[in-house]
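# Structure assessment
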Amino acid sequence: MTDLVPVRRALISLSDKSGLDELASGLARHGVEIVSTGGTAAKLRENGASPRDISELTGFPEMMDGRVKTLHPKVHGGLLGVRDNPDHAAAMEQYGIAPIDLVVVNLYPFLNTVMSGADRDTIIENIDIGGPSMVRSAAKNHRHVAIVTDPSDYAALLSELDANGGSTTLELRKRLAAKAFALTAEYDSIISQWFSFADQGERWPSNWTFSSKLKMPLRYGENPHQSAALYLPIGPAAHGVAQAEQVQGKELSYNNLNDANAALELLSEFRDGPPTLVIVKHANPCGVATRDSLLDAWKEALACDSVSAFGGIVATNRSLDSATASAITDIFTEVVVAPEADDEAKAIFAKKKNLRLLLTGTLPDPTRGGTSFALIVGGLLVQDRDNGMIGRDQLKCVTRRQPTEQELRDCLFAWTVAKHVKSNAIVYAKDGVTAGIGAGQMNRRDSARIAAIRAREAAEANGWPVPRTVGSAVASDAFFPFADGLLAAVEAGATAVIQPGGSIRDEEVIAAADDSGVAMLFTGMRHFRH
């Protein structure tokens, strides 16, 4: 058979009636009979069309508050009948089932109803039954039937009808069918999630389906030979890098977004604090500073590790001004992330055509709940996101010497940064600035030593008399299993330590801290990040 199918009869049933007038006019040009339901039929008549009521087609009235109107053999037989199958054709003739060549349907707004805070009964009433049934029937029989589920496809449909004398091509029908099945899968996924999580309160349901929508393909993945794309979750989601507006710059890559996300996640911890700037490289912070101005924060963050900052990601918790933008562009920077940027700052960045500027509008809430995922071979690891917070009241001093007020502030600053450093993580901080960061080592002692090396290099580069680790606080994302890591930090000049505690050798580590005259705080919470 030819892949062209004339459209003589269309069934239209819409919740979203945008574009309906243009659609009906386009179908009228080709003499298409329109069969419609309730509100859609009324809207068509308002616009001057003359649809046939679904009840006239089925011989049954719409009933049960509209729950039953299209669930009928004269509807689904007209959709599912294989036109070139003699048995199907005979059954359609015997039972007076007329073929339906086009279905235009969108579904009850279940997700919007849930997000509006509606009561349970209203939510249940917005579970569409007839709509998905028609969508699936038409999509299954796409050799003969076109199914349109998105108003953005009306133009393509009408263009094809105009080009082919009122017929659709198999190529279009296949594309529309794929989109239709994706819609019903997404719709059922949202409903199942609501039943499992919101209605039944299950933490880990036996089956968990979720859906997402393509935002854009990316330049490439972690490496140029890998393709990649960015998808957005369907339903409620935190506003972050994925939703940011790209003002300028090259296309984003997988690494750009992954690193920018790491920067924004860390920065969000300071969203309600003074001006703070974060520099990230390969998903690890290499400089963090809090100061009275963004420009000063940039200078201090950069001084922590100017070598690693080259080609890095910069994120700020304030709108970018021209002075800070000018300073940032003095070195090669891949991505800058900020809530906003003034016109002068945008003009400065525009001179660096490859630099990507992402504006988020807001910063995500670091205390929000949510779930994180990691793919492993043959499976999917799922966990609560790490939104654990520690305040002064939760800290326990385990050494003879208590920390000073400044040491306490530096401990909490270092601890906040360490939460976002790959394990094993060691962070030295002093006066609201990172002094040295050690990330991703196989043992904690080496992380402490590497961070100290970075601090010594920074001192040499900036002409400081001593590294900033001298008189600093040091944070460890997990407990010190031996005293050697702590002693390496003391050797670098740290005078205060913050760590989770909980090692079987805690007493040994505490004794080493006491012997060294440093203050040590236990948090009782760790922040592994792999």
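Residues numbered from 1 in each chain as written. Predicted model: local features only at pLDDT ≥ 70, side-chain atom pairs only at ≥ 80, totals over all residues. Heavy atoms only, no water.

### Description of the state of the cysteines
Enumeration over the complete set of coordinates arrives at 0 disulfides. Free of any disulfide, cysteine 397 has its nearest neighbouring cysteine sulfur in cysteine 411, separated by 9.4 Å. (Disulfide = S-S within 2.5 Å.)

### Examining empty space enclosed by the protein
Empty space among the atoms becomes visible once a probe the size of a water molecule is rolled across them. A complete count under the given rule lists 1 cavity of 30 Å³ or more for this structure. Reported here for the largest cavity is a volume of approximately 30 Å³. Considered class by class, the residues forming the lining of the largest cavity number 3 nonpolar, 5 polar and no charged. (1 Å grid on protein atoms, 1.4 Å probe; cavity = no way out; pocket = protein on both sides within 12 Å on 5 of 7 lines; lining within 4 Å. Points joined across faces, edges and corners; volume = space filled by probe spheres on them. Nonpolar A, V, L, I, M, F, W, Y, C, P; charged D, E, K, R; others polar.)

### A word on the packing of helix α8 (residues 130-140) against helix α10 (residues 170-199)
Close contact between α8 and α10 brings their axes to 9 Å; oriented N to C, the two are set at 150°. Classified by the interaxial angle, the pair formed by α8 and α10 is roughly antiparallel. Considering the relative orientation of α8 and α10, their crossing is left-handed. Residues Pro132, Val135, Arg136, Ala139 and Lys140 of α8 form the contact with α10, whose participating residues are Ala177, Ala180, Phe181, Thr184 and Tyr187. Residue composition of the contact of α8 with α10, by class: 7 nonpolar, 1 polar and 2 charged. (Axes fitted to C-alpha atoms, helices over the stretch in contact; angles between N-to-C directions. Helix = DSSP H or I, 4+ residues; strand = E, 2+ residues; numbered from the N terminus. Parallel < 35°, antiparallel > 145°, perpendicular 65-115°, else oblique. Left-handed = near helix turned anticlockwise from the far one by under 90°. Contact = heavy atoms within 4.5 Å.)

### Observations concerning the sheet that holds strand β2 (residues 9-13)
The strand order across the open sheet built from 5 strands is β4-β3-β2-β5-β6, with neighbouring strands paired in parallel fashion. The two strands at the open ends of the sheet, each matched to only one other strand, are β4 (52-53) and β6 (146-148). Where β2 meets strand β5 (residues 102-105), 4 bridges bridge the pair, whose relative direction is parallel. Across the sheet, the residue bridging to serine 13 is valine 105, located in β5. Contacts between α8 and the sheet are confined to β2, β5 and β6, with β5 contributing the most and set at about 145° to the helix. (Pairing = 2+ DSSP bridges.)

### Structural notes on the nonpolar core
Of all hydrophobic cores here, the largest spans 44 residues; its most connected members are Val337 and Val417. Every element with two or more residues in this core is listed here: α11 (254-268), β11 (276-281), β13 (312-316), β14 (333-338), α16 (405-418), β19 (426-430), β21 (473-476) and β22 (496-499). For this core, the leading source of residues is α16, giving 8 residues. Excluding residues that lie within four positions of it along the chain, valine 337 makes contacts with Ala260, Leu264, Ile313, Val314, Ala315, Thr316, Leu358 and Thr360. If you look at the next biggest cluster of nonpolar residues, it comprises 26 residues, including Ile54, Leu57, Leu107 and Phe110. (Core = buried A, V, L, I, M, F, W, Y, C linked by side-chain atoms within 4.5 Å. Buried < 20%, exposed > 50% of the residue type's maximum accessible area, 1.4 Å probe, protein only.)

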